[in-house]
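Listed below, chain by chain, are the residues.
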Amino acid sequence: MCHTDNIMKDILLVTANNLGTYRSAKITSESLGIGLLSAVVEKKNYECDIIDARLYDLSPQEVSENINNYLVLGISIFSFEAIPWVKEISNICKKKNPDILIVAGGYAPTLSTQQVLDAVPNIDVVIRGEGENTIVEILESFHNRETFDTIKGIVFKKENQYIWTEKRPLLKNLDINPFPKRYAQNFADKNFEVLIEGSRGCENNCTFCGVKPFFGNDKLLHWRYRSAKSLIDELKYISKIYPCSRRIRFVDPDFLGLNPDGINRAVEFCDLLKKNKMEGYQFCCETRVSTVREENKYVFDKLKEAGFVEIYLGIESGSDHILKTMNKRITSKDSLRAAHLLKSWEIDFVYGFMMFTPWSKYEDIKENIEFLREIGDVQFDKLFHKLELIPNTPSVVYAKNKGLLLEFNANGYYNYKFESDEIYRLSIVWSYLQNYHIEFLQKIWYVYKDFKFWRQTEGKMVEKQLRELTEVSLEIFEDLCECCKQNNILSNERNPEVDDILHRYESRLNELEKRVNKKYCFPRNKMPGGA
């Protein structure tokens, strides 16, 4: 073994705990990041343990109880919202074990490196971008008491200064990676959703997206995919660990890609599923609106036959003005066409949507409402989604040039002004609803998720219920829009007009809730042991 003490292990990999809203807090999933890194370092004969603080809702104190048993602490940080938790655990660990090396990686440390280092001074090394080769080289150098200067893709502390090393090249062949270590056996019932990475990157250049800044701009490697055989082999591996779990979600930004290789790979994957008699799975994936077209019907027929029950589309807006600013390279008509095709093929879909952007005008909001009424399947909280200004994205530059950029905030994004005062007032409503009407938000969200889960599980197209829920959601939003024209709503002061709007729709929502098929409810998070 590579550890220097008979008792101490080489590394503890931790996922930071930031449960977030009632929506994300109720979704149970493993961290592919620490699972993959664990498999990589163990393949190199390093001893590694995993603690997923988010999955088990653990405090820094609980995670750090046995920290003296490790030489290195690796923390995966997806969101900047986890920074207070990370700061606390790093302080505890350095106090208990001053010689421990603290390494941070993930989206937040990659996209907001300096901000993370400033906020958590006890971090010794930040891994920027992909971490498989980097973490191994860090462990090798640490054990050999060598400097980190030659390790690509990191920022590290040296004599109270931060040294930024050369960018690490992207992995060309994803098939060489071992399968991520699976560790959520206590959660893995029939409704547990297993995550798989089928590809990395995206060939598009949306101005708001963090995928390109995370992976870099190597044009030859914008989108890399694992072979169909590799995916099948991992499914076989997962079925042995989680024999009851049949729902699989591909976490790729674009499962199909934009080039023919991606389409061919998807078809081959479906054929191999059939050849290996791997039936009864429910697959979910993401692809681009432009890929959903009539000439690709044979691909989606294959996906449907293989068990793909949900396609995620990055629609983002019903305003062509906003779509152009986002560099989506689609129109609202393209999105409607894709949605209608998927419905005609009886494949369920969900979609990303941002009602508010720094450059939104009230006309864009009205166009969004008309668009959503036609496309249907409206998820209420998405009516209030804001575009987040992610560090190192073109949208930050655009907002700065328009004089809209404000300070970096505690969530890891940049605050911004709106060009329209009406848009600003409307954007405040969501904070108000979260402060004073959280039970209503939970109810309408779960009714939506239950109808969608029923549709995907039993195969019924519960169009009438979803259409009614869409209409209720849009009518509430329209009433709130009118209310905002007359009122300056504050997030921390009760507003009788807003309260009355929600009260008027409560009975209709309750009636829809009664029509949920209790046999097919969306899974709620349950801690092991029934807690």
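These lines cover the structure that appears in this document, whether it is placed above or below.

The rules behind these values
Residues numbered from 1 in each chain as written. Predicted model: local features only at pLDDT ≥ 70, side-chain atom pairs only at ≥ 80, totals over all residues. Heavy atoms only, no water. Pairing = 2+ DSSP bridges. Helix = DSSP H or I, 4+ residues; strand = E, 2+ residues; numbered from the N terminus. 1 Å grid on protein atoms, 1.4 Å probe; cavity = no way out; pocket = protein on both sides within 12 Å on 5 of 7 lines; lining within 4 Å. Points joined across faces, edges and corners; volume = space filled by probe spheres on them. Nonpolar A, V, L, I, M, F, W, Y, C, P; charged D, E, K, R; others polar. Salt bridge = Lys/Arg side-chain N within 4 Å of Asp/Glu carboxyl O. Buried < 20%, exposed > 50% of the residue type's maximum accessible area, 1.4 Å probe, protein only. Phe/Tyr/Trp six-rings, centres within 6.5 Å; stacked < 30°, edge-to-face > 60°. Patch = residues over 30% accessible without salt bridge, like charges linked within 9 Å, V, L, I, M, F, W, Y side chains within 5 Å. Areas by Shrake-Rupley, 256 points an atom, 1.4 Å probe, with all protein chains shown as cover. Lys, Arg positive; Asp, Glu negative; His and termini not counted. Charge placed at Lys NZ, Arg CZ, Asp CG, Glu CD.

The pairing of strand E6 (residues 154–158) with strand E7 (residues 161–164) spans four bridges and is classified as antiparallel. Each bridged residue has a counterpart across the sheet, and for Val155 the counterpart in E7 is Trp164.

The next subject is empty space enclosed by the protein. Applying the stated rule across the entire model yields two cavities of 30 Å³ or more. Taken as a whole, the largest cavity holds about 40 Å³ of empty space. Lining the largest cavity are Glu130, Glu132, Asn133, Arg168, Pro169, Leu170 and Leu171. In this structure, the second largest cavity occupies an estimated 30 Å³ of space. As for the second largest cavity, its lining consists of Gly201, Cys202, Val211, Lys212, Phe215, Gly216, Leu221 and His222. Per-element tally for the lining of the second largest cavity: the top contributor is helix H8 (residues 211–215), with three residues. Here the residues of the lining of the second largest cavity are counted per class, giving four nonpolar, three polar and one charged.

Bringing the pattern of salt bridges into the picture now. Evaluation of the coordinates by the stated rule reveals 39 salt bridges. Lys181 is the salt-bridge partner of Glu42, the closest N and O atoms lying 3.1 Å from each other. Of the two residues, Glu42 sits in helix H2 (residues 32–43) while Lys181 sits in the loop between E7 and strand E8 (193–196), which places them 139 residues apart along the sequence. Using a relative accessible area of 31% as the deciding quantity, one classes Glu42 as partly exposed.

Each aromatic ring pair is summarised here by two numbers: the centre-to-centre distance and the angle between the ring planes. Scanning the entire structure with this criterion turns up 33 aromatic pairs. For the ring pair Phe250 and Phe255, a centre distance of 4.5 Å and an interplane angle of 35° mean the geometry is tilted. In this pair, the class of Phe250 matches that of Phe255, namely buried. When the centroid spacing of 5.7 Å and the interplanar angle of 75° are considered together, the rings of Phe269 and Phe283 count as edge-to-face. With Phe269 in helix H10 (residues 260–275) and Phe283 in strand E12 (residues 282–287), the pair connects residues that are 14 residues apart, well separated along the chain. A relative accessible area of 0% means that Phe269 is categorised as buried. Among the residues examined, Phe283 registers a relative accessible area of 0% and is labelled buried.

Attention shifts here to a negative patch on the surface. Residues Asp320, Glu363, Glu367 and Glu370 make up a contiguous surface patch of negative charge. With three residues, helix H14 (residues 362–375) is the single largest residue contributor to the negative patch. When you line up the elements, Glu367 lands in helix H14.

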